[in-house]
Amino acid sequence: MAYFKLNTFNGIAPLIEPRLLRNEVGVTCENVNLQHGNLTALFPNSTHATLNASSITSHYQYKFGGTTYNLEFDDDVDPVPGPIADDAFDRLYWTGQTFPRMASSTQITTGGSGAYPRSSFRLGVEAPANAPSAATPTGTDDGTQIKYSTAYVYTFVTAFGEEGPPSDPSNVVTKVDGQSIVVTMSSTSGSKSDTNYTHKRLYRSNTGSNTTDFQFVTEVTLATTTFTDSKNNEALGEIIPSTFWIAPPDDNATLYPNGQMKGLTAVGNGIFAGFSGKRLCFSEPFLPHAWPVAYRVTLEDEIVGISMAGNVLFIGTKGTNYIASGTDPQAMAIQKLEAAEPLLYKRSLVDMGGYCMYSGPDGLIAVENGQVTNVTEQLISPAQWQGTYVVQSAGRHEGKYVGQNSLAAQTPTAIIYDPKGGMNALTTVDTLLSNLANTNRGFYTNPDTNQLFLISKPSSGNCTVEKFDDSANDNKRTATFKSKELPLPSPTSMNFVKVEADGYGGSGVRVKVFGDGTEIFDATITASGSVFSATGSAPTSFSATTILEPILRLPTGVHKVYQVEIISANTVHEVCLAESIDELRAV
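Here is what the cut-offs are and how they apply
- Each residue is numbered by its place in its chain's sequence as written, counting from 1.
- It should be noted that, the model being predicted, local features are given only for residues of pLDDT at least 70 and side-chain atom pairs only at 80 or more, the latter also being counted only at that level, while totals for whole chains, interfaces and linings use all residues.
- Values shown for side chains rest on all heavy atoms present in the structure; no hydrogens or waters enter the calculation.
- The helix and strand labels rest on DSSP assignments: H or I over at least four residues marks a helix, E over at least two residues marks a strand, and numbering proceeds from the N terminus.
- Only the C-alpha atoms count toward the radius of gyration. The rule for a globule is 2.2 Å times the residue count to the power 0.38.
- Throughout this description, buried means an accessible area under 20% of the type-specific maximum (1.4 Å probe, protein chains only), exposed means over 50%, and partly exposed covers the range between.
- What makes two strands pair is DSSP finding at least two bridges between them.
- In protein, a polar contact means a hydrogen-donor-capable atom and an acceptor-capable atom, both N or O and within 3.5 Å, with residues adjacent in sequence counting only if both atoms are side-chain atoms; elsewhere, any N or O pair within 3.5 Å suffices.
- Two aromatic rings, drawn from Phe, Tyr or Trp (for Trp, its six-membered ring), form a pair once their centres lie within 6.5 Å of each other, and the interplanar angle then sorts them: stacked below 30 degrees, edge-to-face above 60, tilted otherwise.
- Either the NZ atom of lysine or the CZ atom of arginine qualifies as a charge over a ring when it sits within 6 Å of the ring centre and within 35 degrees of the ring normal.
- Distance thresholds for patches are 9 Å for like charges and 5 Å for nonpolar side chains (Val, Leu, Ile, Met, Phe, Trp, Tyr), applied to residues having over 30% relative accessible area and no salt bridge.
- Surface accessibility in these figures is a Shrake-Rupley result with a 1.4 Å probe; residues are shielded only by whichever protein chains are displayed.
- In what follows, salt bridge is the name for a side-chain nitrogen of Lys or Arg lying within 4 Å of a carboxyl oxygen of Asp or Glu.
- Residue types Ala, Val, Leu, Ile, Met, Phe, Trp, Tyr and Cys, when buried and joined through side-chain atoms within 4.5 Å, form a set referred to as a nonpolar core.
- Any two residues having at least one pair of non-hydrogen atoms within 4.5 Å are treated as being in contact.
- Structural elements are reduced to axes, namely lines fitted to C-alpha atoms, with helices fitted over the stretch in contact, and the angle between N-to-C directions of any two is expressed from 0 to 180 degrees.

Draft legend 1. Expanded view of the overall build of the chain. From N to C terminus, the chain includes three helices and 48 strands. Over its C-alpha atoms the chain spans a radius of gyration of 33 Å, topping by over 25% the 25 Å that the globule rule assigns to 587 residues. When its C-alpha atoms are laid out on the principal axes, the chain stretches across 120 × 50 × 35 Å. Across the 587 residues in the chain, those meeting the buried criterion constitute 54%.

Structure below.
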C-alpha cells in the first residue's frame with residue numbers, strides 16, 4: 001500500500017528537481033514561520049506610524065527623553081548615533097542628503113512643526129576664508145630679550161565644540177615677551193550653508209616660522225574681529241589639534257566630482273567610515289566632524305556600499321570587493337577579496353550582527369571577517385537568482401534576512417533567509433508591504449527588539465511605516481506550502497487526504513492535490529465546534545458537506561506522481577495521502 005505523510009515542513013530549494021527533494025522540502029513555502037517545524041503563517045504588517053510626506057525613502061527611530069521620534073527622509077539615508085557614550089547632546093549623524101549632516105536632540109525634536117528631524121547642521125567645519133593679520137607689536141623692547149618671529153592662525157568652532165582646520169597664517173611679526181599685538185580675524189561666517197559656528201580660536205607660532213606648530217592663545221565669539229594678544233610665549237596653550245580636520249566630501253563638485261560622502265557606518269573605536277566614488281574615508285576617532293585626507297583610500301572600483309562584517313569593514317564595489325581592518329584610521333589594512341561577487345545594490349547590504357549579507361550576481365552572499373560565502377548556492381542557481389529572486393532592498397528581522405525583489409512585478413515579491421534555519425533557510429513572502437506601487441523604500445531594524453519596519457506608499461496620501469510580521473495582530477497571513485513531487489513505483493490511486501491543524505476557523509484549511517502535474521482536487525475544510533464541513537471546486541464544485549473528521553475522499557484516478565498543497569492561516573501540523581482510510585488513520 002502507498003501513502004505519504006508530511007508532519008515536518010521545510011523551506012524551498014528551487015535548484016533541485018522537485019521529485020528529488022527531501023519529503024519535507026517544499027516547492028512553494030510562502031508567508032510561513034517554520035521555527036517550530038509545523039506550518040505556521042506569518043502575521044500581517046501593522047501600521048506603526050503615518051509620515052508627513054508621500055515621497056519618503058528612509059526611516060529611522062530616534063529615542064530621546066522616553067519618546068521615540070520617527071525620522072523621515074526623501075533620500076537614501078544612513079543614520080548613525082554619535083560615538084560618545086552618554087553624549088550630552090544625543091547627537092545623530094547621517095549621509096545621503098545633499099551633504100553629510102548631524103543634529104542634536106534639540107534640532108531633531110524641537111522647533112517648527114511637521115516631520116522629524118526638524119532641522120540639522122552640515123557635518124564638518126571649514127577653514128576661515130580670510131587669513132588673520134598681525135599689527136606691529138607695541139610695548140617696550142629693551143634689546144636684551146629674546147626676539148620671536150610670530151604668526152597667527154584661527155579656526156571656527158561650533159556650538160558642540162567641534163573645531164575645524166586653521167586659516168592661512170598671518171604675516172610674520174617680531175616680538176619679545178611683554179609686548180602686545182592686535183590680531184585681526186575678519187572672517188565672521190563660513191561660506192557654506194547650514195553651519196553652526198559660534199566661536200573662533202586663535203593660535204600663535206612659538207618659534208618663528210609660519211610652518212611651525214601653533215599654540216592656543218584664546219577663544220572669542222564668532223562676531224569678534226580683533227583681539228589684543230599680550231601673552232608671553234611660556235603662557236601659550238596646547239598645540240592646535242585640528243590642522244588636518246577637514247570636513248567629509250560634500251556638495252562641492254569642484255573638490256568632489258564623485259559627489260558627497262555616502263554610506264555612513266560606525267566602524268568601532270569611535271571611528272566612522274563613508275565613501276565617495278572609489279574613495280573610502282575614515283574619521284578621527286570620536287570626532288565624526290573630522291575626516292583628514294590622510295585617512296582616505298582610493299580603490300580600483302566604484303564603491304556601492306559598506307557594512308561591518310564581524311571585526312572588519314566590508315567594502316562592496318561594482319568590481320572587486322575589499323575588507324578594511326584596524327583600530328587606527330591612518331593605518332587601516334585594506335585587503336582585496338578574491339570572490340567575484342560584486343555588490344549589486346547598496347540597499348541589499350545588511351549588517352546581520354557579526355557578519356553582513358548582500359545581493360550578488362550569483363545569489364545571496366555572506367561576509368564574515370573576510371570569509372565570503374554564497375549561502376544560497378545549494379538552494380538557487382545563478383539563473384534562478386537573477387531571474388526570480390534577486391534582492392534590491394533588504395533588512396534584518398529577528399535574525400533573518402528579509403529581501404525585497406528588484407522588480408515589483410516579480411513573484412514572489414520577497415524572500416526570507418534564516419541563517420540558522422538549515423533546511424528551513426529559504427522561504428518567500430507574497431506581499432512584503434500592503435502597497436506595492438512604490439517598492440524598495442527604506443528598511444529599518446529596531447536594535448532593541450530586532451523588529452523590522454518598512455516604508456509603504458499608499459495609493460493616496462502620505463507614506464506609512466509598517467511593522468513587519470507583527471505578532472500583536474489577531475489575524476494571520478495566508479500561508480502556502482506545496483510539497484515536492486511524490487513519484488510512486490507504479491501508477492496508483494490515492495483515495496484519501498487528511499489534514500491535521502490547530503483549528504479550521506476563518507477561511508479554514510484549503511487542500512489541493514495534483515496528479516501527474518494536473519490539479520485533481522481542491523477543497524476547503526472548516527469547522528464549527530466539533531463539526532467539520534468541506535466545500536470544493538475540483539474536480540467539480542460541491543457545496544458544504546458535513547464530515548466527521550478532517551479526512552476527504554479524492555476523485556477516482558490513477559497517477560504516478562502526486563503533490564499536495566496547503567493554503568491556510570491556521571497552523572497545520574500534518575497532511576497525509578493514502579490509498580485507504582484505514583491506512584490513513586494508521587500512519
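So much for the structure itself; the text now carries on.
Draft legend 2. Region of the structure containing the sheet that holds strand β19 (residues 226–229). An order of β12-β16-β19 is seen for the three strands of this open sheet, with the pairing classed as antiparallel. The open sheet has two edge strands with one neighbour each: β12 (133–134) and β19. Relative to β19, strand β16 (residues 181–184) is paired through four bridges, and the arrangement is antiparallel. What sits directly across from Ile 181, in β19, is Asp 229.

Draft legend 3. Local environment of the pairing of strand β48 (residues 572–578). In terms of burial, β48 is largely enclosed, as six of its seven residues are buried. Pairing analysis gives four bridges linking strand β1 (residues 3–6) to β48, with the strands arranged antiparallel. Looking at β48, one finds that Lys 5 is bridged to Cys 576. Inspection of the sheet shows strand β41 (residues 496–501) paired to β48 by six bridges, in the antiparallel sense. Within the sheet, the bridge partner assigned to Val 497 lies in β48 and is Leu 577.

Draft legend 4. Structural context of the side chain of Lys 498. Looking at where Lys 498 falls in the secondary structure, it is placed in strand β41. A polar contact of 3.5 Å, which involves the side chain of Lys 498, links it to the side chain of Glu 574.

Draft legend 5. Looking closely at the pairing of strand β37 (residues 451–456). Counted residue by residue, β37 has six buried out of six residues, so it is predominantly covered. Strand direction decides the pairing type here: strand β36 (residues 443–446) and β37, joined by four bridges, are antiparallel. By the bridge assignment, Tyr 444 is partnered in β37 with Phe 453. Where β36 folds back on β37, the antiparallel hairpin that results is connected by four residues, among which Asn 450 adopts a positive phi of roughly 60°. Across four bridges, the pairing between β37 and strand β38 (residues 464–467) is antiparallel. Residue pairing across strands places Leu 454 opposite Glu 466, the latter belonging to β38.

Draft legend 6. Region of interest: the packing of aromatic side chains. Under the counting rule described, the total for this entry stands at 11 aromatic pairs. Their ring planes at 85° and their centres at 5.2 Å tell us that Tyr 504 and Phe 532 sit as a pair that is edge-to-face. Here Tyr 504 is found in the loop between β41 and β42 (509–515), whereas its partner Phe 532 is found in strand β44 (residues 531–538), with 28 residues between them in sequence. On the basis of relative accessible area, Tyr 504 is assigned to the buried category, the value being 7%. Grouping aromatic residues by their ring pairs yields a cluster made of Phe 89, Phe 121 and Phe 160. Across from the ring centre of Phe 43, 5.1 Å away, lies the NZ or CZ of Lys 476, which sits over that ring. Here the basic side chain of Lys 482 rests over the ring of Phe 514, its NZ or CZ set 4.1 Å away from the ring centre.

Draft legend 7. Representation of a nonpolar patch on the surface within the structure. Judged by side-chain polarity, Leu 15, Ile 16 and Leu 20 come together as a nonpolar surface patch covering roughly 270 Å² of accessible area. For Leu 20, the position within the fold is in the loop between β1 and β2 (26–30).

Draft legend 8. Up close: the pattern of salt bridges. Taken as a whole, this structure holds 21 salt bridges when the rule is applied. Residues Asp 76 and Lys 346 are paired through a salt bridge, measuring 3.2 Å at the closest nitrogen-oxygen approach. Linking Asp 76 in the loop between β7 (67–73) and β8 (78–81) with Lys 346 in the loop between β27 (333–336) and β28 (350–351), this pair joins segments that are 270 residues apart in sequence. Judged by its relative accessible area of 21%, Lys 346 is partly exposed. Among the ionic pairs, Glu 302 bridges to Lys 318, the shortest N-O distance being 3.4 Å.

Draft legend 9. Local environment of unusual backbone geometry. Each neighbour pair has its own omega, and for Tyr 116 with Pro 117 the value is 0°, a cis peptide bond. By the element assignment, Pro 117 lies in the loop between α1 (105–109) and β11 (121–122). A cis amide bond links Ala 538 to the next residue, Pro 539, at an omega of 10°. Relative to the assigned elements, Pro 539 resides in the loop between β44 and β45 (542–547).

Draft legend 10. Looking closely at the nonpolar core. Ranked by size, the top nonpolar core spans 58 residues in total, and within it Tyr 401, Val 497, Val 513, Phe 521, Leu 552 and Leu 577 carry the most contacts. Judged by nonpolar contacts, the second largest core, of 18 residues, contains Tyr 60, Tyr 62, Leu 92 and Val 465.

Draft legend 11. Main features of the side chain of Thr 445. In this fold, Thr 445 is placed in strand β36. When neighbours within four sequence positions are excluded, Thr 445 is seen to be in contact with Gly 395, Arg 396, Asn 450, Gln 451 and Leu 452.

Draft legend 12. Seen up close, the sheet that holds strand β46 (residues 551–553). Overall, antiparallel pairing links the four strands, which are arranged β1-β48-β41-β46 in an open sheet. Edge positions in the sheet fall to β1 and β46, since each of these pairs with one other strand and no more. Between one strand axis and the next, the sheet turns by 10° as a mean value, whatever way the strands run. Sheet analysis places β41 next to β46, joined by three bridges and oriented antiparallel. Directly across from Lys 498, in β46, lies its bridge partner Ile 551.

Draft legend 13. Region of the structure containing the environment of Thr 109. Relative to the helices and strands, Thr 109 is located in helix α1. For Thr 109, a relative accessible area of 10% corresponds to the buried category. In this structure, the C-alpha to C-alpha distance between Thr 109 and Tyr 69, residues 40 residues apart in sequence, is 7.6 Å. The contact partners of Thr 109, leaving out residues within four places of it in the chain, are Tyr 62, Phe 64, Tyr 69, Tyr 116 and Arg 118. Of the polar contacts made by the side chain of Thr 109, one reaches the backbone oxygen of Ser 105; its length is 2.6 Å.

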